[in-house]
Amino acid sequence: MPNDSFATADQSVSVEASAPADTPVMLNEEVDRAIRSYRQRRSCKVIIDSSADFAPAVLKRLGIEMIPISYVTPEGERLDDMWATQTPQEFYDVLRKDPTLHYTTAAITPGRYFEVFERAAKEGTPTIYLSLSAGLSSTIYNAERAADMIREQYPDFELYILDPCCDSASVELLTLEIMRQIALGRSAREVYELACESRYFVHGYFILDNFDALAAGGRIPPAAAQLGSKLDIKPELSYETNGSLTLRGMHRGRRKALRAILQDFRENYCHDTALPLAIVSSDAEKDADWLEAQVRKERGCSSVCIIRSSISPILGSHVGPGMVGFTFWGGDRREQLSLTDRIARKVLGGGF
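Residues numbered from 1 in each chain as written. Predicted model: local features only at pLDDT ≥ 70, side-chain atom pairs only at ≥ 80, totals over all residues. Heavy atoms only, no water.

1. Let's talk about the sheet that holds strand S6 (residues 76-79)
Then comes step 1: The sheet built from three strands is open, its strands ordered S6-S5-S7 with antiparallel pairing. Every interior strand has two partners, whereas the edge strands, S6 and strand S7 (104-106), have only one. Averaged over all neighbouring strand pairs, the angle between strand axes comes to 30°, with direction disregarded.
Then comes step 2: As judged from the four bridges shared by strand S5 (residues 70-73) and S6, these two strands associate in the antiparallel manner. Looking across to S6, one finds that Thr73 is bridged to Gly76. (Pairing = 2+ DSSP bridges. Helix = DSSP H or I, 4+ residues; strand = E, 2+ residues; numbered from the N terminus. Axes fitted to C-alpha atoms, helices over the stretch in contact; angles between N-to-C directions.)

Put into structure tokens, the structure is as follows:
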């Protein structure tokens, strides 16, 4: 399966990562209708950054502005152009050859955000910006700092910063839902408030091929990574309601780990086939193909729209090659809080 596509069971038009920005992109009818309406109305502007895994051709089709994030390799700093100048295989092959190699990522500065937001303010269209969760990245804090400065200089300008509280694939689903709500004629404030609620209904699960990337980034001891590799342990992870990572389980072998993701889907999916699903991977297309084929066997899912994309260098630097993730709409994640979390919310006045 290619790097980025919107697919139904009987229709799939793929967008290669290096494809030109005017490559035609076909979506399923429901998503395409929302996009056409959004582009006609434009009552609200949507801005994302490259932590969301949209390919350039898809972004142009959606009509969304993207802010690129940079990452640092031993050869120097590079801009995440979302696979415009290299393929996922080229990027991940370097990490495969040297499992100890660790790329660092650079957060977008408040100054850069200010430039983007000021341009939107001068344009005058209410704007929503969404990025990777604050539980995973500091970019959202920098965006808030810049937004505060913009609001002081342009008090009549509507600017909303949305923390999706989830992963990059979830940002894709939230972005499409935001566009759908705009197409329905909602105001920017209404869209933002709906998105703030909707983010808790997006579920994301992913597996890693090994612990090398976590060890290289200092998240676990190297000895633990070596032991996990010897035992062929594949970690399954998800996200807390604040967007931070949580370990779901440990599985012997990739197929068992993938089946665990499939089981999470069965237990939590909302069964609304008008809403798209998203499958992402870091150069693990065969496993992503297998997961999509299994999903299509589930009740009512044979023709659901499934977004397929490649994990960008920004996130790929931290998860390494072989990661497979699955994101979908499900029940309210806040209802899955532990008893201690529920008690804390009660004490702090949030209720159960």
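2. Remarks on the side chain of Asp80
Then comes step 1: Checked against the element boundaries, Asp80 lands in the loop between S6 and helix H3 (88-97).
Then comes step 2: Buried within the structure, Asp80 lacks any salt-bridge partner; its nearest side chain of opposite charge belongs to Arg78, at an N-O separation of 8.8 Å.
Then comes step 3: A distance of 3.0 Å separates the side chain of Asp80 from the backbone nitrogen of Met82, its partner in a polar contact.
Then comes step 4: In this structure the side chain of Asp80 is engaged in a polar contact, spanning 3.4 Å, whose partner is the side chain of Ser312.
Then comes step 5: When residues no more than four places from it in sequence are discounted, the contact partners of Asp80 are Ser50, Pro68, Ile69, Ser70, Tyr71, Ser312, Pro313 and Ile314. (Buried < 20%, exposed > 50% of the residue type's maximum accessible area, 1.4 Å probe, protein only. Lys, Arg positive; Asp, Glu negative; His and termini not counted. Salt bridge = Lys/Arg side-chain N within 4 Å of Asp/Glu carboxyl O. Polar contact = N/O pair within 3.5 Å; in protein donor to acceptor, adjacent residues only side chain to side chain. Contact = heavy atoms within 4.5 Å.)

3. Thoughts on the sheet that holds strand S8 (residues 127-130)
Then comes step 1: Here we have four strands laid out as an open sheet, ordered S4-S3-S8-S9, and parallel in their pairing. Only two strands of the sheet have a single neighbouring strand rather than two, namely strand S4 (65-67) and strand S9 (159-162). Adjacent strand axes in the sheet meet at a mean angle of 20° when their direction is disregarded.
Then comes step 2: Summarising the sheet, S8 and S9 pair through four bridges and their orientation is parallel. Bridge pairing in S9 links Tyr129 to Ile161.
Then comes step 3: Where helix H4 (residues 110-123) meets the sheet, it contacts strand S3 (45-49), S4, S8 and S9, and its direction lies at approximately 160° from that of S4.
Then comes step 4: Across the sheet, helix H6 (residues 168-183) is in contact with S3, S8 and S9; its angle to S8 comes to roughly 165°.

4. Comments concerning the pairing of strand S12 (residues 245-252)
Then comes step 1: Here seven bridges tie strand S11 (residues 233-239) to S12, and the two strands are oriented antiparallel to one another. Note that in S12 the partner of Glu236 across the bridge is Gly249.
Then comes step 2: Where S11 folds back on S12, the antiparallel hairpin that results is connected by five residues, among which Gly243 adopts a positive phi of roughly 95°.

5. Comments concerning the pattern of salt bridges
Then comes step 1: Per the counting criterion, the structure on display carries 20 salt bridges.
Then comes step 2: Asp148 is paired through a salt bridge with Arg151; the nearest N and O atoms lie 3.0 Å apart. With Asp148 and Arg151 both in helix H5 (residues 139-153), this residue pair falls three residues apart, about one helical turn.
Then comes step 3: For Arg151, a relative accessible area of 30% gives the class partly exposed.
Then comes step 4: In this structure, Arg180 and Glu177 form a salt bridge, with 2.9 Å as the shortest nitrogen-oxygen distance.

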